[in-house]
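Observations on the model geometry
Residue strings, one per chain:
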Amino acid sequence: MNFIGTGELLFTKKKQSYVLTLIVIFILLAVLIFFYFFSFVPIEGDSMENTIFDKQYCLAQRKCNTINRGDIVIIDVSDDKAKESHDIVKRVIGLSGDKLIFMHNADSRYVDLYICKKGENQFKKVNEPYIKEPMKFAYMNFNDKYYYNNIIMRYDPDLTNYIIDNTLDSDTYDRVIKSTIMIPDGNVFFLGDNRNVSRDSRHYGTQPLSKIKYKVLSVVY
């Protein structure tokens, strides 16, 4: 018969205890690291339907250094005088240096969005399969504080053919420029996917990247 000596038994128990302690420490560190970089954020409101619904939770990344067009972000739109933050969830549409135009479509009841990206010189219609429904002209009210010089451009089927520089005839150039939203350096322009109920950059204006608190990675439940 083989017998385990007392010393060997104690060594085995100590080894098991050591391994268990390491596992617990590893789990705690993993949890701390996870919540340092990520968070589960509850969503309120219907401005991001049908992508995110009211009362759903999202997995969101903190300390996001890279923001791209199409990213969904949680951004603080409170002004410098506010005592508390006012966080909203929206989709980034334009980055610094981009130009945007809202233009009536052919029947004038709806509005389409066009972008001239930084470094480019022509507008292209933004492909937006994520929006709940087309933007209705009746809900395209801009806050005069931000866009008092901008209007929704009347329908122009040639917009995407124009080269945006001073070679355009003066009337066309003035009409395009007066309808153009310029995104300042270090800022983003954001909209809700449920355009017709959303309060977004049409109300709050562009916001600095520093105001972005989270980048949404996925809907959890």
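Further up the page is the structure itself.
These lines cover the structure that appears in this document, whether it is placed above or below. Computed from a predicted model, the values in this text were never measured in an experiment.

So, on to the packing of aromatic side chains. The full count for this structure, using the stated rule, is 7 aromatic pairs. Plain terms: the ring middles of Phe-34 and Phe-35 are 5.1 Å apart, the flat faces sit at 85 degrees to each other, and that makes the pair edge-to-face. Overall, Phe-34 belongs to the partly exposed group, its relative accessible area being 29%. Seen in terms of ring centroids, Tyr-57 and Tyr-221 are 5.2 Å apart; in terms of plane orientation they differ by 20 degrees. Their pairing is stacked. Of this pair, Tyr-57 sits in strand β2 (residues 57-61) while Tyr-221 sits in the segment after β12 (212-219), placing them 164 residues apart in sequence. With a relative accessible area of 59%, Tyr-221 lands in the exposed category. Through successive ring pairs, a cluster of aromatic residues spans Phe-34, Phe-35, Phe-38 and Phe-40. Between the NZ or CZ atom of Arg-91 and the centre of the ring of Tyr-130, over which it lies, the distance is 3.8 Å.

This part covers a nonpolar patch on the surface. Among the surface-exposed residues, Tyr-18, Val-19, Leu-22, Ile-23, Phe-26, Ile-27, Val-31, Phe-35, Phe-40, Val-220 and Tyr-221 lie close enough to one another that they form a single nonpolar patch of about 1,100 Å² accessible area. Among the elements that take part in the nonpolar patch, helix α1 (residues 6-37) stands out by supplying 8 residues, more than any other. Checked against the element boundaries, Phe-40 lands in strand β1 (residues 38-42). Since its relative accessible area comes to 39%, Phe-40 is described here as partly exposed.

Reading the values: the criteria
Residues numbered from 1 in each chain as written. Predicted model: local features only at pLDDT ≥ 70, side-chain atom pairs only at ≥ 80, totals over all residues. Heavy atoms only, no water. Phe/Tyr/Trp six-rings, centres within 6.5 Å; stacked < 30°, edge-to-face > 60°. Buried < 20%, exposed > 50% of the residue type's maximum accessible area, 1.4 Å probe, protein only. Helix = DSSP H or I, 4+ residues; strand = E, 2+ residues; numbered from the N terminus. Lys NZ or Arg CZ within 6 Å of the ring centre and 35° of its normal. Patch = residues over 30% accessible without salt bridge, like charges linked within 9 Å, V, L, I, M, F, W, Y side chains within 5 Å. Areas by Shrake-Rupley, 256 points an atom, 1.4 Å probe, with all protein chains shown as cover. Salt bridge = Lys/Arg side-chain N within 4 Å of Asp/Glu carboxyl O.

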